[in-house]
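Descriptive analysis of the structure
These are the residues of each chain, in order.
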Amino acid sequence: MKIFCPDCGRTTEFDYKEWHCSCGGAWELAEQKVFDMSLIASSLSSLWRYEKLLPIELKEQPSVSLGAGWTPLMPAEYGGRKILLKLEYRMPTASFKDRGVEVMMSYLHSIDVRHVVEDSSGNAGASVAAYAARAGIKAEIYSPAHASKAKLAQIAIYGAKVHTVAGARIKATRAVMKVVKQGAVYASHAYHPVYLLAQQTAAWEVWEQLGFKIPDWYVVPVGQGGKLLGIWLGFRRLLAAGLIEKIPRLVAVQPALLAPLCEAFNQNLAKWPITNPKATSVAKGLAITKPVRWKRMLQALRESNGKCIAVSEEEILSAHKKLAKLSFYVEPTSAVVVAALRHLFAVVNPKETIVISLTGSGLKSPLSQ
Ligand SMILES: [Zn+2]
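What comes next is a walk through the structure. Since the model is a prediction, treat every value here as computed from it, not as a measurement. (Residues numbered from 1 in each chain as written. Predicted model: local features only at pLDDT ≥ 70, side-chain atom pairs only at ≥ 80, totals over all residues. Heavy atoms only, no water.)

1. Digging into the sheet that holds strand β8 (residues 161-165)
Picture the strands of a sheet paired through backbone hydrogen bonds; they go either parallel or antiparallel. Applied cut-off: Two strands are counted as paired when DSSP detects at least two bridges linking them. Only DSSP runs of H or I with at least four residues qualify as helices, and only runs of E with at least two residues qualify as strands; both kinds are numbered from the N terminus onward. Contact criterion: two residues are considered in contact whenever any of their non-hydrogen atoms come within 4.5 Å of each other. To get an axis, fit a line to the C-alpha atoms, keeping to the stretch in contact for a helix; angles then go from 0 to 180 degrees between the N-to-C directions.
Sheet architecture is open: 4 strands sit in the order β8-β7-β6-β9, paired in parallel fashion. Because the sheet does not close on itself, it has two edges, and the strands there are β8 and β9 (185-186). Here strand β7 (residues 138-144) runs beside β8; their pairing, made up of 5 bridges, is parallel. Each residue of the ladder has a partner; that of E140, found in β8, is K161. Against the sheet, helix α3 (residues 149-157) touches β7 and β8, its axis set at about 150° to β8. Seen against the sheet, helix α4 (residues 169-181) touches β6 (115-119), β7, β8 and β9 and runs at an angle of roughly 155° to β6.

Structure (structure tokens):
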């Protein structure tokens, strides 16, 4: 599996022990076949409908499946405007992380990895734990002690070992780094190139669900940026194959309490801004001070003529309630995209199509916890 580092341009064969480039950059798949739509297995209602378009080889195909992907694209009306909701929380462990983890764990299982570690505020950890149980792989998850109790319980019941780490989110990453440096296999939603590769499939699904058309706008919450980059790379692949004429304008949303991407993009900063790691938004899943793929995230917003919108805590909580009254119960982390709509409606033509990505179920993070 050939990979490249977008930060320094290095190309090499992937070895899971070298989980990032020597320059510190995060790997991406180097070789992506031209997107041939005749290779879509339309009878499969999961992301495996695109298996022949993913440049990885699995010994058993698919080896570790719980049926992730092919999530509904549901029309709704919000604030008097029509929107389309991509229900990414309708996944095996109730978050969009399964889209990347299902393929990443299939790959790791295929190369006979038997023990993995991961750090997570909850959703990625629950996903890795579930797929590890399915594959008979031992998993250890490092999570902040303040993570949602429902998420920590979910990780544990799948049989993974939970290590809770006191303090800010970044301390859980530092804790996992210690064991990774001692040789543990890092099943990371932030670093693993196969995780990011699989996140492209959401873009292809939306393109199919809209009758092989693209939306004008695509709104996503941003922490580590896996959803933003997956969507961007997925549409770029369709563009490269001549199947679409442009990519949608991407809208990244962050809580104003911790919005480094918005600060960097909106102020056109040359360096990543320093933000307060102790800032505690209700959008706990977005508490990432310096995402590893931050340069690519800025590139995605610039190339798509996108936007970055920071929303207040009041806006997040209000949007969370309003969305539930429309029958969509998501976690506060996921509700940031809805909170951004008021800002977006002010600049978007009502005739334009807006897809918003709902990433995590409300059951995972009740506000009372
Ligand atoms: Zn590099």
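Moving on from the model shown.
2. Focus: the pairing of β7
Test applied: We call a residue buried when its accessible area falls under 20% of the maximum for its residue type, exposed when it is over 50%, and partly exposed in between, using a 1.4 Å probe and counting protein chains only. When the strands point away from the viewer, a crossover counts as right-handed if the path from the first strand over the helix to the second runs clockwise.
Judged by how many residues are buried, β7 sits mostly within the fold: 6 of 7 residues are covered. For β6 and β7, the ladder comprises 5 bridges, and the chain directions are parallel. Looking at the pairing, V116 lines up with A139 of β7. For the crossover from β6 across helix α2 (residues 123-135) to β7, the handedness is right-handed.

3. Describing the coordination of the zinc ion
The following threshold applies: Distances up to 2.8 Å from the metal define which N, O and S atoms are donors, and 3.2 Å serves for Na, K and Ca; water is absent from the atom set, so sites may look incomplete. The geometry test gives tetrahedral to four donors whose angles all lie between 85 and 135 degrees, gives square planar to four donors and octahedral to six donors whose opposite members are over 155 degrees apart with all other angles between 65 and 115, and gives irregular to the rest.
Here the zinc ion is held by the protein donor atoms C5 (SG), C8 (SG), C21 (SG) and C23 (SG), which lie 2.2 to 2.3 Å from it. Of note is the zinc ion, whose 4 donor atoms meet at the metal with angles of 103 to 118° in an arrangement that counts as tetrahedral. Sequence spacing among the residues donating to the zinc ion works out to C-x2-C-x12-C-x1-C. Overall, the relative accessible area of 0% leaves C5 in the buried class.

4. Comments concerning the state of the cysteines
The condition is simple: For the purposes of this analysis, a disulfide is any pair of cysteine sulfur atoms at a distance within 2.5 Å.
Enumeration over the complete set of coordinates arrives at 1 disulfide. At a sulfur-sulfur separation of 2.2 Å, the disulfide partner of C262 is C308. Between C262 and C308, the S-S dihedral sits near -75°, and the bridge is therefore left-handed. Of the two residues, C262 is situated in helix α8 (residues 260-266) and C308 in strand β12 (residues 307-311); the sequence distance between them amounts to 46 residues. By relative accessible area, C262 is classed as buried at 4%.

5. Some thoughts on the sheet that holds strand β4 (residues 73-78)
Taken in spatial order, the 6 strands make up an open sheet running β4-β5-β13-β10-β11-β12, and their pairing is mixed. Of all the strands in the sheet, just β4 and β12 have a single pairing partner and so form its edges. For this sheet, the mean angle separating the axes of adjacent strands, direction not counted, is 30°. In terms of strand pairing, strand β11 (residues 249-255) meets β12 through 5 bridges, oriented parallel. Bridging from a neighbouring strand, A252 pairs with C308 of β12.

6. Thoughts on the side chain of D98
In plain terms, the rule: Under the convention used here, Asp and Glu are negative, Lys and Arg are positive, and both His and the chain ends fall outside the count. Any carboxyl oxygen of Asp or Glu within 4 Å of a side-chain nitrogen of Lys or Arg constitutes a salt bridge here. By the criterion applied in these results, polar contacts are pairs of N or O atoms within 3.5 Å in which, for protein atoms, one can donate a hydrogen and the other can accept it, and in which residues neighboring in sequence qualify only through two side-chain atoms.
Tracing the chain through its elements places D98 in helix α1 (residues 97-110). Of the side chains with opposite charge, K364 comes closest to the buried, unpaired D98, at an N-O distance of 6.9 Å. A polar contact of 2.6 Å, which involves the side chain of D98, links it to the backbone nitrogen of T93. Leaving out residues up to four positions away in the same chain, D98 has contacts with A68, M91, P92, T93, S127 and Y131.

7. What about the packing of helix α10 (residues 313-325) against helix α11 (residues 332-339)?
Definition in use: Our angle categories are set so that under 35 degrees counts as roughly parallel, over 145 as roughly antiparallel, 65 to 115 as roughly perpendicular, and the remainder as oblique. Three classes are used, and their members are as follows: Ala, Val, Leu, Ile, Met, Phe, Trp, Tyr, Cys and Pro are nonpolar, Asp, Glu, Lys and Arg are charged, and the others, Gly among them, are polar.
Following both chains from N to C, one finds α10 and α11 inclined at 90°, their axes separated by 8 Å at the closest point. Here α10 is positioned roughly perpendicular relative to α11, judged by the angle of their axes. Contact residues: E315, I316, A319, H320 and L323 in α10; P332, A335, V336, V338 and A339 in α11. Of the residues assigned to the contact of α10 with α11, the class counts are 8 nonpolar, 1 polar and 1 charged.

On their own, these measurements won't tell you what the molecule is for.
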